[in-house]
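Spelled out from the first residue to the last, the chains are:
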Amino acid sequence: MQANTIRFKNKSIPVMNFTHKRSHMELLSSKLKEYELHFEFRRKLKMISLIEIIGDVAIFKYNDGTKLYLEVS
């Protein structure tokens, strides 16, 4: 398991990469760049505590236990 951090705007978010592939981190970065101007996504991203990458899916975990799934491929 690889532990990294990713920056989105002014927030650093820890990322657990269970696939051990650098390409999935790059895909996640490009997907976040796509959603950079999406207001609703940015609002939700403020409350995220951890991101897990499993396969082609990024799982955004919130402090209250809820999850948001995002396909990164």
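The preceding data block contains the structure.
Since we're looking at a predicted model, the values are computed, not measured. Starting from 1, residues in each chain are numbered consecutively following that chain's sequence as written. Only residues with pLDDT of 70 or above have their local features reported here, since the model is predicted, and side-chain atom pairs are shown and tallied only from 80 upward, although totals for entire chains, interfaces and linings are computed over all residues. Heavy atoms throughout the structure, all of them, feed into the side-chain values; hydrogens and water do not.

J.: What am I meant to see in the pairing of strand β5 (residues 67–71) here?
T.: Each regular strand displays side chains that alternate between the two surfaces of the sheet. If DSSP finds at least two bridges between two strands, the strands pair. Numbering of helices and strands starts at the N terminus; helices are DSSP runs of H or I of at least 4 residues and strands are runs of E of at least 2. For strand β4 (residues 57–62) and β5, the ladder comprises 5 bridges, and the chain directions are antiparallel. Residue pairing for β5: Ile 59 is matched across the bridge by Tyr 69. Hairpin remark: β4 followed by β5, antiparallel, with 4 residues in the connecting loop; positive phi at Gly 65, about 100°.

J.: Just checking my understanding: could you explain the nonpolar core for this structure?
T.: Side chains that are nonpolar tend, in soluble globular proteins, to be buried together. One finds Leu 28, Ile 51 and Phe 60 to be the most contacted residues of the largest nonpolar core, which totals 17 residues. Among all residues touching Ile 51, those that are not within four sequence positions of it are Ile 6, Ile 13, Pro 14, Val 15, Met 16, Leu 28, Ala 58, Ile 59 and Phe 60. Take the buried residues of types Ala, Val, Leu, Ile, Met, Phe, Trp, Tyr and Cys, join any two whose side-chain atoms come within 4.5 Å, and each joined set is a nonpolar core. For each residue, the accessible area found with a 1.4 Å probe, counting protein chains only, is set against the maximum for its type, and the residue is called buried under 20%, exposed over 50%, and partly exposed in between. Any two residues whose heavy atoms approach within 4.5 Å at even a single point are treated as in contact.

J.: Explanation requested: the pattern of salt bridges in the structure shown.
T.: Two side chains with opposite charge may pair up if their charged atoms get near one another. Here, a salt bridge means any side-chain nitrogen of Lys or Arg that lies within 4 Å of a carboxyl oxygen of Asp or Glu. Enumeration over the complete set of coordinates arrives at 2 salt bridges. In this structure, Glu 40 and Arg 43 form a salt bridge, with 2.3 Å as the shortest nitrogen-oxygen distance. Here the residue Glu 40 and the residue Arg 43 both occupy positions in helix α2 (residues 39–45), the gap between them amounting to 3 residues, near one helical turn. Assessed through its relative accessible area of 32%, Glu 40 is described here as partly exposed. Here Arg 43 falls in the partly exposed class, since its relative accessible area comes to 39%.

J.: Explain the packing of aromatic side chains to me, please; I cannot follow it from the model alone.
T.: Each aromatic ring pair is summarised here by two numbers: the centre-to-centre distance and the angle between the ring planes. For this analysis, a ring pair means two rings from Phe, Tyr or Trp (six-membered ring only for Trp) whose centres lie within 6.5 Å, classed as stacked if their planes differ by under 30 degrees, edge-to-face if by over 60, and tilted for the remaining angles. One pass over the structure, following the stated rule, counts 2 aromatic pairs. When the ring of Phe 41 is compared with that of Phe 60, the centres are 6.0 Å apart and the planes differ by 85°; the resulting orientation is edge-to-face. A residue pair is termed long-range when its members are at least 10 positions apart, and Phe 41 in helix α2 and Phe 60 in strand β4 qualify at 19 residues.

J.: Explain the environment of Ser 29 here, please?
T.: With respect to the element layout, Ser 29 can be found in helix α1 (residues 22–34). Assessed through its relative accessible area of 33%, Ser 29 is described here as partly exposed. For Ser 29 and Leu 50, which are 21 residues apart along the polypeptide, the C-alpha to C-alpha distance reads 15 Å.

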